[in-house]
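Observations on the three-dimensional arrangement
In case you want the letters, here they are:
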Amino acid sequence: VRNPFKRIISWFSNYLNDCLAGLDGQHHMLPVASWNDFPRWLESLGAWMRNLARLSCIKMSTMFPRGFAMLWHLLPQTAILEGISPCESVLNWYYEGTNSFESYRSHKVKDFFVLHLETPDDDIERLQAHLCDKNYLEDDILGGCQMLPKLSHRNTVMGKPGYLASTKPSWSSIWQNTTLINLVGKLYTRDFSEL
C-alpha cells in the first residue's frame, strides 16, 4: 500500500498533467491549471468520489473510464483489500462508519500481509521471517531460509518528455494547511488506523 498523502499528490500531479494537455474532460472532475489549484481540488475530491460511486451503482462507469480508473486508484486501501465496491451506498457506509458493512466485505485487512511502499525493505524482512517461521519458503542451498527479493522503487512518470506538470512545490509547502491534512485524514481514516 502507499501512504495516502503520497497517493493524493501523485494523482493530482497526473491529473494536472492531463488538464494541461487538454484531457481533463475524461475525468468528470473540476479542471485545474496549476499546483495553486491543489487545495480547491482536494476540497472537492470527496464529493467527486461519491458522485462517481453513485454512477457506478447505476452502471454508468463506461461514460467516464479514466475517471473510474482514478476512483479505484483513490479508494482507501482498506476498502480495496476488503473487496468493497465503490458503489455510493457502500462507500457512504464505509466513510460514515455508523452502520456495519460486514456483509459487503469479501476479506478483512488482517487477512493480508501489507507491504508499504515507503518501507518495503523492512516489510519484506518481516514477511520473510513470517514465511520462514511457517516453513512456507524453501531452504536455500546452504540450508537457510530462502530470501525474498527486494522491491525497486522508481517513479518514472514525472520528468518524462511530454509530462507537463513536472514542477511541483515542496512537500512541506503542499501540506502546511491543516485543513487539507484533515481532509486527507477524513478520506483515509481506516487506512491510517489499520495499515
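An account of the accompanying structure is given in this report. (Residues numbered from 1 in each chain as written. Predicted model: local features only at pLDDT ≥ 70, side-chain atom pairs only at ≥ 80, totals over all residues. Heavy atoms only, no water.)

Let's talk about the overall build of the protein
A count of helical and extended segments in the protein gives nine helices and zero strands. When the elements of the protein are put in sequence order from the N terminus, they spell out α-α-α-α-α-α-α-α-α. For the protein, the residues scored as buried account for 37% of the 195 residues in total. (Helix = DSSP H or I, 4+ residues; strand = E, 2+ residues; numbered from the N terminus. Buried < 20%, exposed > 50% of the residue type's maximum accessible area, 1.4 Å probe, protein only.)

Notes on the side chain of serine 10
Position of serine 10 among the secondary structure elements: in helix α1 (residues 4-20). Residue classification places serine 10 among the buried positions, given a relative accessible area of 16%. A distance of 3.4 Å separates polar atoms of two side chains, one belonging to serine 10 and the other to arginine 2. (Polar contact = N/O pair within 3.5 Å; in protein donor to acceptor, adjacent residues only side chain to side chain.)

A look at helix α8 (residues 178-187)
Among the residues making up α8, those that are buried are Leu180, Val184 and Leu187. Each buried residue of α8 lies within a common arc of 65° when the element is viewed along its axis, so the set occupies one face. Summarising the geometry of α8, the exposed residues directed more than 90 degrees from the buried face are Thr178, Asn182 and Lys186. Sitting at the amino-terminal end of α8 is asparagine 177, which places a side-chain oxygen 2.8 Å from the backbone nitrogen of threonine 179. (Arc of directions from axis to C-beta.)

Details of unusual backbone geometry
The phi dihedral of asparagine 135 is positive, around 60°, even though this residue is not glycine. Mapped onto the elements of the fold, asparagine 135 is located in the loop between α6 (120-133) and α7 (171-174).

What about the pattern of salt bridges?
Charged atoms that come close allow side chains of opposite charge to pair. Under the defined criterion, the tally for this structure stands at five salt bridges. The partner of glutamate 194 in a salt bridge is arginine 190, and the shortest N-O contact between them spans 2.8 Å. Highlighted residues: glutamate 194 and arginine 190, both in helix α9 (residues 189-194), separated by four residues, approximately one helical turn. Each of Glu82, Arg190 and Glu194 takes part in a single network of salt bridges with overlapping partners. (Salt bridge = Lys/Arg side-chain N within 4 Å of Asp/Glu carboxyl O.)

Some points on α6
In this model α6 runs 20 Å from its N-terminal to its C-terminal C-alpha over 14 residues, within 8% of the 20 Å that 1.5 Å per residue would give. Residues of α6 that are buried: Pro120, Asp123, Ile124, Leu127, Gln128, Leu131 and Cys132. Residue asparagine 135 follows α6 closely and has a positive phi angle near 60°. (Expected span 1.5 Å × (residues − 1).)

Topic: the state of the cysteines
Evaluated as defined, the whole model comprises one disulfide. In this model cysteine 132 forms its disulfide with cysteine 145; the gap between the sulfur atoms is 1.7 Å. Of note, the bridge from cysteine 132 to cysteine 145 carries an S-S torsion of about -90° and is left-handed in sense. Of this pair, cysteine 132 sits in helix α6 while cysteine 145 sits in the loop between α6 and α7; the two residues are 13 residues apart in sequence, bridging distant segments of the chain. Its relative accessible area of 26% is what places cysteine 145 among the partly exposed residues. (Disulfide = S-S within 2.5 Å.)

Quick look at the nonpolar core
Judged by nonpolar contacts, the single largest core of 30 residues is most densely connected at Ile8, Phe38, Trp41, Leu42, Leu45, Trp48 and Trp175. Contributions of two or more residues to this core are made by α1, α2 (38-57), α3 (65-74) and α8. Judged by nonpolar contacts, the second largest core, of six residues, contains Ile124, Leu131, Leu137 and Leu148. (Core = buried A, V, L, I, M, F, W, Y, C linked by side-chain atoms within 4.5 Å.)

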